[in-house]
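Observations on the three-dimensional arrangement
Take a look at the letters that make up each chain.
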Amino acid sequence: LPNVLKNMKQKRQGKIIYFQPKSLRQRALDYLGKREYSYVELGKKLKPFAEETDDIAAILDDFKARGWLSDARFTEQLVHARQAKFGSARVANELREKGVADDLIASAVATVKENELEHAREICRKKYKDSHKSREDWARQARFLQSRGFGFDIIKKALNDHSNEQSNEEASDK
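Residues numbered from 1 in each chain as written. Predicted model: local features only at pLDDT ≥ 70, side-chain atom pairs only at ≥ 80, totals over all residues. Heavy atoms only, no water.

1. Looking at the overall build of the chain
Spelled out, the test is: The helix and strand labels rest on DSSP assignments: H or I over at least four residues marks a helix, E over at least two residues marks a strand, and numbering proceeds from the N terminus. Note on classification: 1.4 Å probe, protein chains only; a residue is buried when its accessible area is under 20% of the maximum for its type, exposed when over 50%, partly exposed between these limits. Here, two residues are considered to be in contact whenever any of their heavy atoms come within 4.5 Å of each other. Each accessible area value is a Shrake-Rupley result obtained with a 1.4 Å probe; residue values ignore everything except the protein chains displayed when judging cover.
Scanning the chain from terminus to terminus reveals ten helices and two strands. Secondary structure elements in the chain, listed N-terminal to C-terminal, are α-β-β-α-α-α-α-α-α-α-α-α. Within the chain, the fraction of its 174 residues that count as buried is 34%. Long-range contacts, defined as pairs at least 24 residues apart, comprise 57% of the intrachain contacts of the chain with a sequence gap of at least 6. For the chain, the exposed area adds up to about 11500 Å²; of that, 48% sits on carbon and sulfur atoms.

Take a look at the structure:
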């Protein structure tokens, strides 16, 4: 048997089945078939499977030239998935961790900031049925929103609006 196949066998119902390992290119295509990846993120995923002769950068550059790998598309997809739950700081940090360029991060932050206040209000409505009764409650809710990546000005407006909505509902119930 070739050296490559010696360790690549499975035993099923008493039969030994030999199979070829996936090429690095095929593995990259499989990853991209499941979801979008940034250039850096896909490179990190492929690195453990690369041998000395493999050139990950050449494969990724080829994919980028063919339009199969796009940081802009990855950024757009991530913003779409995260903007309803997280603030601009959290989205920007996640994009930085994934190796996205600064200009794409800036445009993504601008997109998230368009509706950031409405998303923060919606999170407050869902998470906290009652408005804050004390300073401690307000601080706890503010810390929660801050952990989600919202800025202090957005947090302050969202919590005050949530408190005003609750007091208006209570006044109309009486």
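Still to come is the rest of the account.
2. Looking at the confidence of the model for the chain
The criterion, for reference: Along the chain, pLDDT gives the predictor's confidence residue by residue, from 0 to 100.
Counting all residues, the mean pLDDT for the chain is 85, and 82% of those residues have values of 70 or more. Mean pLDDT values over the elements of the chain span from 44, in helix H1 (residues 3-6), up to 96, in helix H6 (residues 88-97). Low pLDDT (under 50) marks residues 1-7, which in the prediction has six contacts with non-local residues, meaning those over four places away or in another chain.

3. Remarks on the packing of helix H3 (residues 39-46) against helix H4 (residues 56-66)
The test is simple: Note on method: axes are straight lines fitted to C-alpha atoms, helices fitted across the in-contact stretch only, with angles between N-to-C directions ranging 0 to 180 degrees. Small angles under 35 degrees read as roughly parallel and large ones over 145 as roughly antiparallel, with 65 to 115 read as roughly perpendicular and the rest as oblique. In a left-handed crossing the near helix is turned counterclockwise from the far helix by less than a right angle, and in a right-handed crossing that turn is clockwise. Polar here means any residue outside two lists: the nonpolar Ala, Val, Leu, Ile, Met, Phe, Trp, Tyr, Cys and Pro, and the charged Asp, Glu, Lys and Arg; Gly therefore counts as polar.
Between H3 and H4, whose axes approach to 10 Å, the crossing angle comes to 140°. Put simply, H3 runs oblique to H4. By crossing handedness, the relation of H3 to H4 is classed as right-handed. Where H3 abuts H4, its residues Tyr 39, Leu 42, Gly 43 and Leu 46 lie against Ile 56, Ala 57, Leu 60, Asp 61 and Lys 64. Partitioned by chemical class, the residues of the contact of H3 with H4 number six nonpolar, one polar and two charged.

4. A word on the pattern of salt bridges
For clarity, the cut-off: By definition, a salt bridge exists where a carboxyl oxygen of Asp or Glu is found within 4 Å of a side-chain nitrogen of Lys or Arg.
Throughout the structure, instances matching the rule amount to ten salt bridges. Note that Asp 62 is salt-bridged to Arg 25, the shortest N-O span being 3.0 Å. Highlighted residues: Asp 62 in helix H4 and Arg 25 in helix H2 (residues 24-34), separated in sequence by 37 residues. Looking at Asp 62, the relative accessible area reads 24%, which means it is partly exposed. Taken together, the shared-partner salt bridges in this structure form one network comprising Arg 25, Asp 62 and Arg 66.

5. What to know about the packing of helix H5 (residues 71-82) against helix H7 (residues 102-114)
In contact at an axis separation of 10 Å, H5 and H7 are set at 25° when each is read in the N-to-C sense. With respect to their mutual orientation, H5 and H7 come out roughly parallel. Here H5 runs over H7; the crossing is right-handed. Contacts from Asp 71, Ala 72, Thr 75 and Val 79 of H5 reach H7 at Leu 104, Ala 108, Thr 111 and Val 112. The class makeup of the residues in the contact of H5 with H7 is five nonpolar, two polar and one charged.

6. Things to note about the environment of Arg 90
Basically, it comes down to this: Between N or O atoms, a polar contact is any pair within 3.5 Å; within protein, one atom must be a potential hydrogen donor and the other a potential acceptor, and residues adjacent in sequence are included only when both atoms are from side chains.
You can see Arg 90 is positioned in helix H6. Residue contacts for Arg 90: discarding those within four places in its chain leaves Ser 147, Arg 148 and Gly 149. A distance of 3.2 Å separates a polar atom in the side chain of Arg 90 from the backbone oxygen of Ser 147.

7. Considerations on the packing of aromatic side chains
To keep things clear, this is the line we draw: Stacked, edge-to-face and tilted labels apply to pairs of Phe, Tyr and Trp rings (six-membered ring for Trp) whose centres lie within 6.5 Å, assigned for plane angles under 30 degrees, over 60, and everything in between, in that order. A ring is considered to have a charge above it if a Lys NZ or an Arg CZ atom is located within 6 Å of its centre and within 35 degrees of its normal.
With the rule as written, the count across this model stands at four aromatic pairs. Geometrically, the ring pair formed by Tyr 128 and Phe 144 is edge-to-face, given 6.1 Å between the ring centres and 90° between the ring planes. With Tyr 128 in the loop between helix H8 (116-127) and helix H9 (135-147) and Phe 144 in helix H9, this residue pair connects regions lying 16 residues apart in the sequence. You can call Phe 144 buried: its relative accessible area is 17%. Stacked on the ring of Tyr 37, the Lys or Arg Arg 35 has its end atom at 4.0 Å from the ring centre. Between the NZ or CZ atom of Lys 127 and the centre of the ring of Phe 144, over which it lies, the distance is 4.9 Å.

8. Some details on the environment of Asp 102
Of note, Asp 102 is situated in helix H7. Residue classification places Asp 102 among the exposed positions, given a relative accessible area of 62%. Once the C-alpha coordinates of Asp 102 and Ala 92 are considered, the two residues, ten residues apart in sequence, prove to be 9.3 Å apart.

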